[in-house]
Amino acid sequence: MSTDNSDSPDADPSESFVQDTGEEGPRIEFYGGRGMSAFPIVFFILWAIAQTAFWRISDEGGLVIGILVGLIGGMFFVRGNWKTYANTIFEGMTQPVAVTAIVAWIWAGMFAQLLQDGGFVDGLVWLAQTAGIGGALFPAATFILAAVFTTGIGTGYGASIAFVTLFFPAGLLLGANPILLFGAILSGAIFGDNLAPVSDTTIVSAVTQDSDIGGVVASRFKYVIVAAIVAFGGYLVAGQFMGGLGIGGNAQEILVAESEPIGLVHLLSMGIVIGTAVAGRHIVEAISWGIVVAAVSSLALGLLSLGDIVSFNAPADAPLSQPLEFLPILTIVDDPDAIGVGGSLIQGAAGFFELAILVLLIIAAAQIMIRGGAFEAILDWSIENLATNVRNAELTMVGSAALINAVITINTAAEVAIGPYISKIGERFNLNGYRRANILDAQTAALGYIFPWSGGVLAGYSAMQELPGEFEWFDTGMLVTPIDVVPFVFQGWLLVAVFIIAALTGFGREYIIDRESEEVARL
Amino acid sequence: MSVFTKFLRGWQFRDSSPSLTVGDECSVFVAEANSDGNGHVYIGDTHLLVEGAGPETVERRVRVEVTEFDETNATGRAEFIEIVGESSYTN
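If you're wondering where the values come from, they're calculated on a predicted model, not measured in any experiment.

Conventions used here
- Residues numbered from 1 in each chain as written.
- Chains lettered and ligands numbered in written order.
- Predicted model: local features only at pLDDT ≥ 70, side-chain atom pairs only at ≥ 80, totals over all residues.
- Heavy atoms only, no water.
- Helix = DSSP H or I, 4+ residues; strand = E, 2+ residues; numbered from the N terminus.
- Rg over C-alpha atoms; globule rule 2.2 N^0.38 Å.
- Buried < 20%, exposed > 50% of the residue type's maximum accessible area, 1.4 Å probe, protein only.
- Contact = heavy atoms within 4.5 Å.
- Areas by Shrake-Rupley, 256 points an atom, 1.4 Å probe, with all protein chains shown as cover.
- Lys, Arg positive; Asp, Glu negative; His and termini not counted.
- Charge placed at Lys NZ, Arg CZ, Asp CG, Glu CD.
- Axes fitted to C-alpha atoms, helices over the stretch in contact; angles between N-to-C directions.
- Parallel < 35°, antiparallel > 145°, perpendicular 65-115°, else oblique.
- Left-handed = near helix turned anticlockwise from the far one by under 90°.
- Nonpolar A, V, L, I, M, F, W, Y, C, P; charged D, E, K, R; others polar.
- Core = buried A, V, L, I, M, F, W, Y, C linked by side-chain atoms within 4.5 Å.
- Pairing = 2+ DSSP bridges.
- Polar contact = N/O pair within 3.5 Å; in protein donor to acceptor, adjacent residues only side chain to side chain.
- Phe/Tyr/Trp six-rings, centres within 6.5 Å; stacked < 30°, edge-to-face > 60°.
- Buried area = accessible area lost by both parts, 1.4 Å probe.
- Salt bridge = Lys/Arg side-chain N within 4 Å of Asp/Glu carboxyl O.
- UniProt positions renumbered as here; feature names shortened; annotations may be inferred.
- Expected span 1.5 Å × (residues − 1).

1. Here's the deal with the overall build of chain A
Next, step 1: Helix and strand content of chain A: 24 helices and three strands.
Next, step 2: Taken over C-alpha atoms, the radius of gyration comes to 24 Å for chain A, in line with the 24 Å a tight globule of 523 residues would show.
Next, step 3: With the principal axes as the frame, chain A shows a C-alpha extent of 75 × 65 × 45 Å.
Next, step 4: Buried residues in chain A amount to 59% of all 523 residues.
Next, step 5: In chain A, of all internal contacts separated by at least 6 residues, the share reaching a separation of at least 24 is 79%.
Next, step 6: When the accessible surface of chain A is split by element, carbon and sulfur atoms take 65% of a total near 18700 Å².
Next, step 7: Of the side-chain charges in chain A, 17 are positive and 46 negative, and the distance between the mean point of each set is 14 Å.

Next up, the structure:
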């Protein structure tokens, strides 16, 4: 702890001051100095890079093991009693950031699955089919539709898979350029992943920066839409110059098979979630309304049955299975392996279970780093060398968030890991929570869908590899190699560019004195 | 504020050294503190010396009243009133 007597506001800010040393919590001392407290999180990042980038395994379960091994390994470097280290793991896991993110994810997961199972994409396919768009315009139209779809369901990975499965083969038959088309799909996924209130990355960006999700969505619209308008123009122009494969064939056949105009009803539930969240309602309330409207409308219009939403597969010898077999949600099964609970709600919520465990452990590792002093050391170095003024601070935030998301395939995990750093750098300059969350999530969404090892690209590419088996005319030569699509993910590159320009020019910058984000208790 | 208005907030180029008005109360994060019990607050590149904001206020959100402000150098003084909030990550 250093001291300084500079009582003038004109004094050199780089002089040493009393920093917050975390007196409120116990300190942990490590062999090798305070830098060793970064061991668990550095080990995790290296594990994540090896697993997801080098070996292309997008398995969150593997990342859970990575952080667990890191936490165990870090313990061996602790000086003295290990109890404080162990208690700090619990202290980190019980931070509001982790709990609020997990609760919001579970709600968002149920809503997203209802929209997917309820045929939302089929409604968008109908729109594309009815509009009768040609090959040159198809990538631009696909970008818009994928953006709308992802804004509804929140998961860009899901959108990549759905659109590669349905729109990609149809676009090829219409004469669209495959690389451009894949880039447009990924761009749409980025748009929604960044903007949707039910997106896991949106939720993480808001809660790590102490901001309400609705406010974050409204405040980031300006950056997303500026990038999207330019990206849309890019796809329009590039579509004119980049030719297709000249396959011929009837694209309408593919589209008609999956076309269901009534699926567009989910625009209503999507609008309700966005509207109520931005209006300031609790995110749990906003998504709950979306779930209710999506479920009721799907049931009323025959898009889903009650059993599709929630179903119980019970054994015949269960006490009340036979008498209650008439219930639409109950099925008696003979196969012991088939016993269980299914349906959209459980499937949607369960999709986040592994991620929930992962985020708890990452935040625990971050807390070890804070208590051990490595976090403070990195911050001090950053403040002295990088974030020397507000413009450089924002560029540092953009750069650090972009870098970690470029190297870790699963962008939500990367976002959780870098969240505390973004928070502290931004708070130092009194940037409000919305601005910090927007800087963080734009890089997270963008970089998660650009590089060949990015999760979004891998999800779409995996779906694409199934296409030769589905269509006779689709040969493996038509597959888009992930490296080829990198320059054509316009929304991703533009979103990063928008934030570099915003940091340099002050576009959209808000300080805490301009507007305080709503309290985190309300999400 | 209506839903529509919320989407229109922040469509502006904000100064890196925002101005403050003497007499205004605002809540801000304290970046650093001197040993004599004064805190340093940076709002962008604007620098405020906050009297009475000691080490216990560092990385916490505090309410202050601006007592002096020099527009040219974007520096000023303020008086500490109370702690009103915590950082997103508590130490």
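On we go.
2. Things to note about the packing of helix 6 (residues 138–153) of chain A against helix 12 (residues 266–278) of chain A
All names here are of chain A.
Next, step 1: In contact at an axis separation of 9 Å, helix 6 and helix 12 are set at 60 degrees when each is read in the N-to-C sense. As far as their axial angle goes, helix 12 and helix 6 are oblique. Helix 6 and helix 12 meet at a crossing whose hand is left-handed. In this structure, helix 6 uses Val148, Thr151 and Gly152 to contact helix 12, whose residues at the interface are Leu267, Met270 and Ile274.
Next, step 2: In the contact of helix 6 with helix 12, the residues fall into four nonpolar, two polar and no charged.

3. Let's talk about the nonpolar core
Residues and elements named next belong to chain A.
Next, step 1: Ranked by size, the top nonpolar core spans 189 residues in total, and within it Phe163 and Phe168 carry the most contacts.
Next, step 2: A total of 14 residues in this core trace back to one element, the largest contributor, which is helix 16 (residues 353–372).
Next, step 3: The contacts of Phe168, once residues within four sequence positions are left out, are Phe163, Pro178, Leu181, Phe182, Ile185, Met464, Leu467, Phe474, Met478 and Val480.

4. Quick look at the packing of helix 8 (residues 178–195) of chain A against helix 24 (residues 490–505) of chain A
Residue and element names in this part refer to chain A.
Next, step 1: Across the interface, helix 8 lies against helix 24 with an axial gap of 7 Å and an inter-helix angle of 45 degrees. Here helix 8 is positioned oblique relative to helix 24, judged by the angle of their axes. Taken together, the residues of helix 24 that come into contact with helix 8 (itself represented by Leu180, Ser187, Ile190, Phe191 and Asn194) are Phe490, Gln491, Gly492 and Leu495.
Next, step 2: Here the contact of helix 8 with helix 24 is built from residues that sort into five nonpolar, four polar and no charged.

5. Description of the sheet that holds strand 2 (residues 330–333) of chain A
The strands that make up a sheet are held in pairs by hydrogen bonds between backbone atoms, and each pair lies either parallel or antiparallel.
Residue and element names in this part refer to chain A.
Next, step 1: Ordered in space as 2-1-3, the three strands form an open sheet in which the pairing is mixed. Each edge of the open sheet is held by one strand with a lone partner, namely strand 2 and strand 3 (340–342). In this sheet, adjacent strand axes meet at a mean angle of 25 degrees when their direction is disregarded.
Next, step 2: Sheet topology places strand 1 (residues 311–315) next to strand 3; three bridges connect them, and they run antiparallel. Opposite Phe312, over in strand 3, you have Val341 as the bridge partner.

6. Overview of the environment of Arg509(A)
Residues and elements named next belong to chain A.
Next, step 1: Tracing the sequence through the fold places Arg509 in the segment after helix 24.
Next, step 2: Each C-alpha atom of the pair Arg509 and Phe77 lies 42 Å from the other, and the pair is 432 residues apart in sequence.
Next, step 3: Side-chain polar atoms of Arg509 contact the side chain of Glu394, separated by 3.3 Å.

7. Observations regarding the packing of aromatic side chains
The geometry of an aromatic ring pair is captured by the separation of the ring centres together with the interplanar angle, meaning the angle of the planes.
Residue and element names in this part refer to chain A.
Next, step 1: One pass over the structure, following the stated rule, counts 24 aromatic pairs over all chains.
Next, step 2: The interplanar angle of 85 degrees and the centroid separation of 6.1 Å between the aromatic rings of Phe451 and Trp493 together place this pair among those described as edge-to-face. Of this pair, Phe451 sits in the loop between helix 20 (433–447) and helix 21 (455–464) while Trp493 is found in helix 24, placing the two residues 42 residues apart along the sequence.
Next, step 3: Accessibility expressed as a relative area gives 17% for Phe451, which makes it buried.
Next, step 4: When the centroid spacing of 6.2 Å and the interplanar angle of 50 degrees are considered together, the rings of Phe488 and Phe490 count as tilted.
Next, step 5: Grouped by ring-pair contacts, the aromatic residues Phe120, Phe138, Phe149, Phe163 and Phe167 constitute a single cluster.

8. Here we look at the interface of chain A and chain B
Next, step 1: Facing the 60 residues of chain A at the interface are 48 residues of chain B.
Next, step 2: Between chain A and chain B, a total of about 4800 Å² is buried, with carbon and sulfur atoms accounting for 52% of that surface.
Next, step 3: Linking chain A with chain B are four salt bridges.
Next, step 4: Here Arg9(B) ties to Glu510(A) by a salt bridge, and the two come within 3.9 Å at their closest N and O atoms.
Next, step 5: Connecting chain A to chain B are 16 residue pairs in polar contact (both at pLDDT 80 or more).
Next, step 6: For the side of chain A that touches chain B, the residue count by class is 22 nonpolar, 20 polar and 18 charged.

9. Focus on the UniProt feature "domain: Na+/H+ antiporter NhaC-like C-terminal" (unreviewed entry) in chain A
Next, step 1: When the UniProt feature table is mapped to this numbering, "domain: Na+/H+ antiporter NhaC-like C-terminal" (unreviewed entry) covers residues 40–239 and 333–493 of chain A.
Next, step 2: Between the end C-alpha atoms of residues 40–239 of chain A there is a gap of 47 Å, over a span that is 82% helix and 0% strand.

10. Digging into the pattern of salt bridges
Next, step 1: A complete count under the given rule lists 15 salt bridges over all chains for this structure.
Next, step 2: In this structure, Glu91(A) and Arg371(A) form a salt bridge, with 2.8 Å as the shortest nitrogen-oxygen distance. Of this pair, Glu91(A) sits in helix 3 (residues 83–93) while Arg371(A) sits in helix 16, and the two are 280 residues apart along the sequence.
Next, step 3: Take Glu91(A): its relative accessible area is 27%, and that puts it in the partly exposed class.
Next, step 4: Across the pair Arg14(B) and Asp514(A) runs a salt bridge whose closest N-O atoms are separated by 2.7 Å. With Arg14(B) in the loop between helix 1 (3–8) and strand 1 (25–29) and Asp514(A) in the segment after helix 24, this residue pair bridges two chains.
Next, step 5: Assessed through its relative accessible area of 18%, Arg14(B) is described here as buried.
Next, step 6: Within this structure, Glu394(A), Arg435(A) and Arg509(A) form a network of salt bridges that share partners.

11. A short note on helix 18 (residues 390–407) of chain A
Residue and element names in this part refer to chain A.
Next, step 1: Between its first and last C-alpha atoms helix 18 spans 26 Å; for 18 residues at 1.5 Å apiece the expected length is 26 Å, and the two agree.
Next, step 2: By the burial criterion, the buried members of helix 18 are Val390, Ala393, Glu394, Thr396, Met397, Val398, Ser400, Ala401, Ala402, Ile404, Asn405 and Ala406.
Next, step 3: Looking at the packing, one finds that the buried side of helix 18 touches helix 1 (39–54), helix 19 (411–428), helix 20 and helix 24.
Next, step 4: Where helix 18 starts, the residue carrying a side-chain oxygen 3.2 Å from the main-chain nitrogen of Arg391 turns out to be Asn389.

12. Quick notes on the sheet that holds strand 3 (residues 38–43) of chain B
Residues and elements named next belong to chain B.
Next, step 1: Taken in spatial order, the six strands of this open sheet run 1-5-6-4-3-2, and their pairing is mixed. Among the strands making up the open sheet, the edge pair consists of strand 1 and strand 2 (32–33).
Next, step 2: Here strand 1 runs beside strand 5 (residues 60–70); their pairing, made up of five bridges, is antiparallel. Paired with Glu25 across the strands is Glu65, a residue of strand 5.

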